[in-house]
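Examination of the molecular architecture
One letter stands for each residue in the lines below.
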Amino acid sequence: MKFIILARGYTKPEYFYHLSETPKCLITIKGDKTILDYQYEVISQYNLPITMVIGYKGEELMAYCKKKHYNINFVWDETFREEYSNMRLVRDNLEVFKGSAVTIFSDTIFRKPMIDHLLDSPEDILKTYNLHKYTSEGMEAMVDIVVNNLHLEGFNTPMFHLIADKYPDLKLRRTFPQLWQFDVDNMDELNEIRRNFK
C-alpha cells in the first residue's frame, strides 16, 4: 500500500484568478499551514511510501517539500495543461500506480479517521470524496477498462458500472461524506458555512 498525491494540475484562472499562480496544495489555511501540510501530517503517520505526481509549478512543490523535510517521491507529468483524465494518467504511468494505493487530490483536507476508514475497508475499490483506495486487483481492472480506450473520467459512475459488470468478484463502493472535508458535526453547522461563503 502507498499514498499518491495528484498535484499535476493548475488552478484555472477563470475560476480562481487570484490563486492561479499558486499550486493549490500550497494555499494556506488558517494561518501559515498549507493544504499539503495538513495532508502530510496525516499520511506520514502510516510509514507508507508517498508519491506526488507533479507538473504545474513542480519545482516549487519540490523545493517546498525539501524545505519541510517531507519524505516524498516525485513523478513528473509534462501534460498537465492538456485535457487529461485521471485514468489516462494512470494508464500512462503504470509503474507509479502499480499495486495497491490511496490516491489523494492535492486540494483536499482530511483527518486521520478518513484514511483509517479507507485502509480498513474490505472493498477492492472505494471512493470517498476526493480520496480513492484500490487494491492490486482493482487497479488491474481499472487499467484494463482504460486501455480498451473507453473515454472515462476518474472514478465516476460509468466507471463503477463497467468494472462491476466486467469484474463481478471485485468489491467496490462509492460514498461521499463531504462533511469530513469541512469537519462539521451537523447540517446546521454546514449551512452556516454556506451562508458565510455566499
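Further up the page is the structure itself.
All of the points below concern the structure found in this document.

Conventions and cut-offs
Residues numbered from 1 in each chain as written. Predicted model: local features only at pLDDT ≥ 70, side-chain atom pairs only at ≥ 80, totals over all residues. Heavy atoms only, no water. Helix = DSSP H or I, 4+ residues; strand = E, 2+ residues; numbered from the N terminus. Buried < 20%, exposed > 50% of the residue type's maximum accessible area, 1.4 Å probe, protein only. Areas by Shrake-Rupley, 256 points an atom, 1.4 Å probe, with all protein chains shown as cover. Salt bridge = Lys/Arg side-chain N within 4 Å of Asp/Glu carboxyl O. Pairing = 2+ DSSP bridges. Axes fitted to C-alpha atoms, helices over the stretch in contact; angles between N-to-C directions. Contact = heavy atoms within 4.5 Å. Arc of directions from axis to C-beta. Core = buried A, V, L, I, M, F, W, Y, C linked by side-chain atoms within 4.5 Å. Polar contact = N/O pair within 3.5 Å; in protein donor to acceptor, adjacent residues only side chain to side chain.

**Topic: the overall build of the protein chain**
Assigned secondary structure in the protein chain consists of nine helices and seven strands. Out of the 198 residues belonging to the protein chain, those deemed buried represent 45%. With an accessible surface of roughly 11,200 Å², the protein chain has 51% of that area assigned to carbon and sulfur atoms.

**Concerning the pattern of salt bridges**
Once the charged atoms of two side chains with opposite charge are near each other, the side chains can pair. A complete count under the given rule lists five salt bridges for this structure. Between K33 and E41 there is a salt bridge, with the nearest N and O atoms lying 2.8 Å from each other. Two residues, E123 and R173, come together in a salt bridge whose shortest N-O distance is 3.1 Å. Of this pair, E123 sits in the loop between α5 (112-120) and β5 (125-128) while R173 sits in strand β7 (residues 172-175); the two residues are 50 residues apart in sequence, bridging distant segments of the chain.

**What about the sheet that holds strand β1 (residues 2-7)?**
One open sheet accounts for seven strands, arranged β3-β2-β1-β4-β6-β5-β7; its pairing is mixed. This sheet does not close on itself; its edge strands, each paired only once, are β3 (73-76) and β7. Pairs of neighbouring strands in the sheet enclose a mean axial angle of 15°, with direction left out of account. Looking at chain direction, strand β4 (residues 101-105) and strand β6 (residues 131-134) are connected through four bridges and run antiparallel. Each bridged residue has a counterpart across the sheet, and for V102 the counterpart in β6 is K133. Lying on the sheet, helix α2 (residues 58-67) is in contact with β1, β2 (50-54) and β3; it crosses β3 at an angle near 175°. Contacts from α5 reach β1, β4, β5, β6 and β7 within the one sheet, and its direction differs from that of β6 by about 25°.

**What to know about the environment of F74**
Along the chain, the position of F74 falls in strand β3. On the basis of relative accessible area, F74 is assigned to the partly exposed category, the value being 26%. Remark: the alpha-carbon pair of F74 and G58, spanning 16 residues in sequence, is separated by 9.0 Å. Setting aside residues no more than four positions away along its own chain, F74 makes contact with M52, I54, L61, M62 and C65.

**A closer look at the side chain of K2**
Here K2 lies in strand β1. Classification of K2 by relative accessible area gives buried; the value is 15%. The residues contacting K2, other than those within four sequence positions of it, are L48, P49, V96, F97, K98, G99, S100, A101 and V102.

**Concerning α2**
Within α2, burial applies to G58, L61, Y64 and C65. In an axial view of α2, the angular spread of the buried residues amounts to 125°, which keeps them on one side of the axis. Across α2 from its buried face, at more than 90 degrees, point the exposed residues E59, K66 and K67. Looking at the buried residues of α2, the elements they touch are β1, α1 (35-43), β2 and β3.

**Quick look at α1**
Three or four residues apart is the spacing at which side chains of an α-helix point the same way, because the helix has 3.6 residues per turn. With respect to burial, α1 is a largely interior element, eight of its nine residues being buried. Residues I35, L36, D37, Y38, Q39, Y40, V42 and I43 constitute the buried set of α1.

**Points about the nonpolar core**
One finds F3, L36, M52, F110 and I115 to be the most contacted residues of the largest nonpolar core, which totals 26 residues. In terms of residue count, the dominant contributor to this core is α1 (four residues). If near-sequence neighbours (up to four positions away) are discounted, L36 is found in contact with I5, C25, L26, M52, Y64, C65 and Y70. Counting 18 residues, the second-largest nonpolar core is a separate cluster that includes L6, V96, Y134 and A141.

**Considering the side chain of T34**
With respect to the secondary-structure elements, T34 resides in the loop between β1 and α1. Of note is the side chain of T34, whose polar atom sits 3.3 Å from the side chain of Y64. With sequence-adjacent residues up to four places away left out, T34 is seen in contact with C25, L26, I27, T28 and Y64.

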